[in-house]
Amino acid sequence: MFNLILFGPPGSGKGTQSEKLISRYGLKHLSTGDLLRSEIASHTPLGLEAKSLMDKGHLVPDEVVIGMISSALDSNAKARGFLFDGFPRTSAQAEALDKLLELKHTSIGVMLALNVSEAELVRRLLKRGETSGRSDDNNELVIRARIGEYHAKTAVVAQYYQHFDKVKLVNGEGTIEEIFRALCKEIDPRLENKVPQ
Ligand code: AMP
């Protein structure tokens, strides 16, 4: 099993690159943002609780997202590996993820951290907001709040994995293909059973 975390602030390209990576490497994509948006679309109590926080650009409580990831791991027991996108976002989530993976006799292979300037993040998110239908993308104050949460609570997660020497920084500015190639360059040597190309 090969598990990787695609890390970076909102707007760094995690979703775009995740789609390309899962198709190249056959990993199961686990995006807590997507899971939360599907709870909202289904009008579940969890979705309702999460929506008011997401609309303000705040993180939802750790236990909510950890619970979602725990069930997703259980219901994809046969996956060849997982790509975590937008999770973990706090140290508590990182510790919980390590424990959940340990129970499954696996671990994180690498964290790939996309590096993008703040001006570029805001520009990309506002542009995405024109078409994404995401209410948290079309308001600059909410975008700034999300980036604020990233600096206050999420950036430390990279230090957590740095401690285990698992972090690789990747330039997140450039064309989608250039960034994808840079990510693959980090993944390929780490994969024992590479997917035939
Ligand atoms: P994303 O799609 O990753 O940009 O996430 C959208 C929003 O969902 C975030 O701004 C948070 O409000 C919430 N969210 C997604 N993942 C997490 C997480 N791991 N922990 C807490 N909140 C999250």
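Draft legend 1. Expanded view of the pairing of strand β4 (residues 108–115). The buried count for β4 comes to 6 of 8 residues, which makes it a mostly enclosed element. Relative to β4, strand β1 (residues 3–7) runs parallel, the two being bridged by 5 bridges. From the neighbouring strand, N3 faces β4, where its bridge partner is I108. Taken together, the 5 bridges between β4 and strand β5 (residues 167–171) define a ladder with parallel strand orientation. Note on β5: the bridge partner recorded for A113 is L169.

Draft legend 2. The site of the ligand, seen in detail. The environment of the ligand is made up of 16 residues, and the closest members are T32, R37, H58, G86 and Q93. A distance of 2.9 Å is found between a nitrogen atom of the ligand and a side-chain nitrogen or oxygen belonging to Q93. Look at the ligand: alone it shows 480 Å² of surface, and the protein chains cover 96% of it. By residue number, the principal contributor to the shell around the ligand is helix α2 (residues 32–41), which donates 4 residues. A per-class count over the shell around the ligand returns 6 nonpolar, 5 polar and 5 charged.

Draft legend 3. Region of interest: the packing of helix α4 (residues 62–75) against helix α5 (residues 91–103). At a minimum axis distance of 10 Å, the contact between α4 and α5 shows a crossing angle of 20 degrees. Regarding the angle of α4 to α5, the classification is roughly parallel. The two elements α4 and α5 meet at a crossing, and its hand is right-handed. On the side of α4, the interface is formed by D62, V65, I66, I69, S70 and L73, while α5 contributes A92, Q93, A96, L97, L100 and L101. Among the residues making up the contact of α4 with α5, the classes are represented as 9 nonpolar, 2 polar and 1 charged.

Draft legend 4. A look at the side chain of N76. For N76, the location among the structural elements is in the loop between α4 and β3 (82–85). Here the side chain of N76 touches A72 through a polar contact of 2.8 Å, landing on its backbone oxygen.

Draft legend 5. Representation of the pattern of salt bridges in the model. Here the structure, examined in full by the defined rule, presents 16 salt bridges. Note that D74 is salt-bridged to K104, the shortest N-O span being 2.7 Å. Here K104 lies in the loop between α5 and β4 and D74 lies in helix α4, a separation of 30 residues in the sequence. According to the relative accessible area criterion, D74 is partly exposed, its value standing at 49%. What makes K104 partly exposed here is its relative accessible area of 33%. Between R190 and E186 there is a salt bridge; the shortest N-O distance is 3.2 Å. Its relative accessible area of 22% is what places E186 among the partly exposed residues. Counted as one network, the salt bridges with shared partners bring together R128, R134, D136, D137 and R146.

What counts and what doesn't
- Residues numbered from 1 in each chain as written.
- Predicted model: local features only at pLDDT ≥ 70, side-chain atom pairs only at ≥ 80, totals over all residues.
- Heavy atoms only, no water.
- Buried < 20%, exposed > 50% of the residue type's maximum accessible area, 1.4 Å probe, protein only.
- Helix = DSSP H or I, 4+ residues; strand = E, 2+ residues; numbered from the N terminus.
- Pairing = 2+ DSSP bridges.
- Near = heavy atom within 4 Å.
- Polar contact = N/O pair within 3.5 Å; in protein donor to acceptor, adjacent residues only side chain to side chain.
- Areas by Shrake-Rupley, 256 points an atom, 1.4 Å probe, with all protein chains shown as cover.
- Nonpolar A, V, L, I, M, F, W, Y, C, P; charged D, E, K, R; others polar.
- Axes fitted to C-alpha atoms, helices over the stretch in contact; angles between N-to-C directions.
- Parallel < 35°, antiparallel > 145°, perpendicular 65-115°, else oblique.
- Left-handed = near helix turned anticlockwise from the far one by under 90°.
- Contact = heavy atoms within 4.5 Å.
- Salt bridge = Lys/Arg side-chain N within 4 Å of Asp/Glu carboxyl O.

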